[in-house]
Amino acid sequence: AVVNLVGILTERGSQSFQGTQGLGSANIAQVAAEAGISNFVQVSSIGANKDSRSNYSRTKGEAEAAVRKAIPTAAILRPSILFGPEDGFFTRFAEIARVSPFLPLIGAKTRFQPIYVADVAQAVAAALSKPEAAGKTYELGGPRTYTMKELLQYITREIDRPRMLLPIPTPIAAPMGYIIGALSRLNPFFGPPLTGDQVQSLKVDNIVTGNVGTIADLGVTNLETVEAITPTYLWRHRPHGQFQPPHVDETSRVDA
C-alpha cells in the first residue's frame, strides 16, 4: 500500500505547490500503479478544487485527479486544519502572540473544523483496511466548528497572552501577502507569517460539506476536541510555562 502525505503550506525556495503537490502526487501515483499497487491513500485537504483561485487548493485538486487517473481505487481523504504538537496553526499563532502585541485577523467569519492528527491517522489506517473505501472521497472534520476570530481568541486566552486582534480587509491583506510570499521564495529558511495564497484560501469555509463521505463513514468516532488536546502543548507559550495555571473561562463555570 502507499500513503501520500506530502504537502506544503507555503512555497519556499525550490518547493512549489505545483511541483510538490501537483506533479509530486502524480509521479508517486504513477510509480505505484506501475508497481501494481491498488491500495492507495491520498491525503488532500478540504477545499481541494482544480478551479480554485488558491494555488494551494488548486494543486491539491489537480493531485486528486492525477491520483484517480493512475489508480482508480485510491481513497482520497480531505482533512480540515490539523492540530497536534508542533502543528502549523495553533502553535504558529501562539508563537506570533509571544512577540507581537496584536494578531492579524483576516477572514474573521471564515469557519474551520479542526481535527486531531491522531484521528486522521486512524482514518488513514481505516481507508487502507476497508475494501469499501476504495475509490471514494472523505472529508475529515472535528466535532466542532469555529470562526477564525474564535480560534485566535481561544489561542490567546489559552496561553494567557491577551492580544488585540487587528482586522485586515482582504483587498489590503492580499497584496501584502503576495509581497511577503515573494520575498520568502528568495529565502528557504524564512517562514512567511502570511502569503497571498493563504488570503485567497481564507475566503472559503474549511468545513465538512456533506457532499462526500465523512470520518464517521470510516468507522472513526469519539473524536478529540481542540479544548482537550491543545492545552497539552500550548502551555509552552504561556508567560510562565507549565507553572502557570491554565486560563479559566468564567462564563463556562458551573457553581456547585
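Residues numbered from 1 in each chain as written. Predicted model: local features only at pLDDT ≥ 70, side-chain atom pairs only at ≥ 80, totals over all residues. Heavy atoms only, no water.

Some details on the overall build of the chain
Item 1. Looking only at helices and strands, one finds nine helices and 11 strands in the chain.
Item 2. Taken across its 256 residues, the chain has 45% of its residues classed as buried.
Item 3. Across the chain, every contact between residues at least 6 apart in sequence was considered, and the portion connecting residues at least 24 apart equals 81%.
Item 4. About 13000 Å² of surface is accessible on the chain, with carbon and sulfur atoms providing 56% of the total. (Helix = DSSP H or I, 4+ residues; strand = E, 2+ residues; numbered from the N terminus. Buried < 20%, exposed > 50% of the residue type's maximum accessible area, 1.4 Å probe, protein only. Contact = heavy atoms within 4.5 Å. Areas by Shrake-Rupley, 256 points an atom, 1.4 Å probe, with all protein chains shown as cover.)

Some remarks on the packing of aromatic side chains
Item 1. Within this structure, the stated rule accounts for seven aromatic pairs.
Item 2. Where F83 meets Y116, the ring centres are 5.6 Å apart and the plane angle is 25°; that geometry is what we call stacked. Of this pair, F83 sits in strand β4 (residues 82-83) while Y116 sits in strand β7 (residues 115-116), and the two are 33 residues apart along the sequence.
Item 3. Here F83 falls in the buried class, since its relative accessible area comes to 1%.
Item 4. Residue classification places Y116 among the buried positions, given a relative accessible area of 19%.
Item 5. Geometrically, the ring pair formed by F89 and F90 is edge-to-face, given 5.2 Å between the ring centres and 70° between the ring planes.
Item 6. Members of the aromatic cluster, connected to one another through ring pairs, are F83, F89, F90, F93, F112, Y116 and Y154.
Item 7. Sitting over the face of the ring of F93, R92 holds its NZ or CZ atom 5.6 Å from the ring centroid. (Phe/Tyr/Trp six-rings, centres within 6.5 Å; stacked < 30°, edge-to-face > 60°. Lys NZ or Arg CZ within 6 Å of the ring centre and 35° of its normal.)

So, the pairing of strand β2 (residues 40-43)
Item 1. Side chains F40 and Q42 of β2 all project onto a buried face; the interleaved residues V41 and V43 project onto the opposite face, where all are buried too.
Item 2. Inspection of the sheet shows strand β1 (residues 2-4) paired to β2 by three bridges, in the parallel sense. Residue pairing for β2: N4 is matched across the bridge by Q42.
Item 3. Handedness of the β-α-β unit built from β1, helix α1 (residues 17-34) and β2 comes out right-handed.
Item 4. The pairing of β2 with strand β3 (residues 75-79) spans three bridges and is parallel. Looking at β3, one finds that V43 is bridged to L77.
Item 5. Read as a crossover between parallel neighbours, the route from β2 over helix α2 (residues 55-70) to β3 is right-handed. (Pairing = 2+ DSSP bridges. Right-handed = clockwise from strand over helix to strand, strands pointing away.)

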